[in-house]
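Overview (structure and organization)
So the chains spell out like this:
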Amino acid sequence: MTVRSFEPSDAEACFRIRSEAFIRKYGDRLGAEGVAALVNSYMPSDFVRMSETMRWFVAEEGGVPVGFCTIRFLDETAAELLFLYVRLDRHGRRIGTDLLRHGEDWLRRHRPEVNDFVLDTVHPDYNQGFYEKMGFEVRGRRRIDRHDARLPAVHMGKSLR
Ligand SMILES: CC(C)(COP(=O)(O)OP(=O)(O)OC[C@H]1O[C@@H](n2cnc3c(N)ncnc32)[C@H](O)[C@@H]1OP(=O)(O)O)[C@@H](O)C(=O)NCCC(=O)NCCS
């Protein structure tokens, strides 16, 4: 498995990986309308457009994308983990860890002024434990704008120094 920068040709595979998580992992709790709203909220062409201002990394096995993560720059000293998704049949193989570490190392090398790394998770019961293992701490609860809705989320963060 290798981690590399996103290319426009990865957009469809990333779209499928993200969609599959909503359909098969969170489908029961989101319901059909929720899944449809989340799947449709970003099309592959949106990923390509977003990759111009955000930092995207793709994990690849045998030339096939199996996960991706996206870092959005908030201000001079803060960045956000906007997306982190691993293909369902590849969970538990350290791909999420490697993607996150790769992103953090990139920030330390290329954006040393960024110290604060944050995220909001709307599925804390499922993935908060993973982020805690990666060194993030809960900083509070808030509602975030996602896909035309205000969703309850757990806000987490860590220092990169
Ligand atoms: C959350 C996610 C990125 C983790 O990726 P992964 O490659 O399966 O995780 P890793 O194999 O790197 O796991 C690293 C450690 O975290 C633990 N871990 C993984 N997923 C976990 C979870 N959901 N809850 C608690 N611990 C978890 C692993 O057991 C492992 O622990 P260890 O170091 O003691 O062995 C992946 O499950 C995923 O894509 N989920 C669906 C999409 C999603 O929810 N993304 C976040 C969007 S808000």
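Below: a short report on this structure. (Residues numbered from 1 in each chain as written. Predicted model: local features only at pLDDT ≥ 70, side-chain atom pairs only at ≥ 80, totals over all residues. Heavy atoms only, no water.)

With that settled, consider the pattern of salt bridges. In total, this model carries 16 salt bridges according to the counting rule given. In this structure, Asp125 and Arg29 form a salt bridge, with 3.0 Å as the shortest nitrogen-oxygen distance. On the criterion of sequence distance, the pair formed by Asp125 in helix H5 (residues 124-133) and Arg29 in helix H2 (residues 27-41) is long-range, its members being 96 residues apart. For Arg29, a relative accessible area of 46% corresponds to the partly exposed category. (Salt bridge = Lys/Arg side-chain N within 4 Å of Asp/Glu carboxyl O. Helix = DSSP H or I, 4+ residues; strand = E, 2+ residues; numbered from the N terminus. Buried < 20%, exposed > 50% of the residue type's maximum accessible area, 1.4 Å probe, protein only.)

Glancing now at the sheet that holds strand E1 (residues 2-5). If you trace the seven strands from one edge of the open sheet to the other, you get E1-E2-E3-E4-E5-E7-E6, paired in mixed fashion. For this open sheet the edge positions go to E1 and strand E6 (137-146), each flanked by a neighbour on one side alone. When strand polarity is set aside, the average angle formed by the axes of neighbouring strands in this sheet is 30 degrees. Of the strand pairs in this sheet, strand E4 (residues 78-86) and strand E5 (residues 116-121) are connected by three bridges, and their pairing is parallel. Residue pairing across strands places Ala78 opposite Asp116, the latter belonging to E5. Contacting strand E2 (55-61), strand E3 (64-75) and E4, helix H1 (residues 11-25) crosses the sheet at an angle of about 90 degrees to E3. (Pairing = 2+ DSSP bridges. Axes fitted to C-alpha atoms, helices over the stretch in contact; angles between N-to-C directions. Contact = heavy atoms within 4.5 Å.)

Our next topic: the environment of Val154. Relative to the elements of secondary structure, Val154 occurs in strand E7 (residues 149-159). Each C-alpha atom, one on Val154 and one on Cys69, is 19 Å from the other, the two residues being 85 residues apart in sequence.

Attention now goes to the nonpolar core. The biggest cluster of nonpolar side chains holds 24 residues, and the ones touching the most others in it are Phe57, Leu81, Leu99, Leu107, Phe117, Tyr131 and Phe136. Those residues within four positions of Phe57 in sequence are excluded, and the remaining contacts are Val3, Arg4, Ser5, Phe6, Gly67, Phe68, Cys69, Ile71, Leu99, His102, Gly103 and Trp106. Grouped together as the second largest cluster of nonpolar side chains are 21 residues, Cys14, Leu38, Val39 and Met54 included. (Core = buried A, V, L, I, M, F, W, Y, C linked by side-chain atoms within 4.5 Å.)

Right, let's get into the site of the ligand. Taken together, 17 residues sit near the ligand, with Tyr26, Leu84, Arg94, Gly96 and Thr97 positioned nearest. At a separation of 2.8 Å, an oxygen atom of the ligand approaches a polar backbone atom of Val86. Between Asn127 and the ligand, the recorded distance is 3.1 Å, taken from a side-chain N or O atom to an oxygen atom. The protein chains hide 78% of the 920 Å² of surface that the ligand would expose on its own. Spatially, the ligand is embedded in the largest pocket. Put simply, the parts of the chain that give the shell around the ligand at least two residues each are E4, helix H4 (95-110) and H5. Counting residues per element, the shell around the ligand draws most heavily on H5, at six residues. (Near = heavy atom within 4 Å. Polar contact = N/O pair within 3.5 Å; in protein donor to acceptor, adjacent residues only side chain to side chain. Areas by Shrake-Rupley, 256 points an atom, 1.4 Å probe, with all protein chains shown as cover. 1 Å grid on protein atoms, 1.4 Å probe; cavity = no way out; pocket = protein on both sides within 12 Å on 5 of 7 lines; lining within 4 Å. Sits in = over half its atoms within 2 Å of the grid points.)

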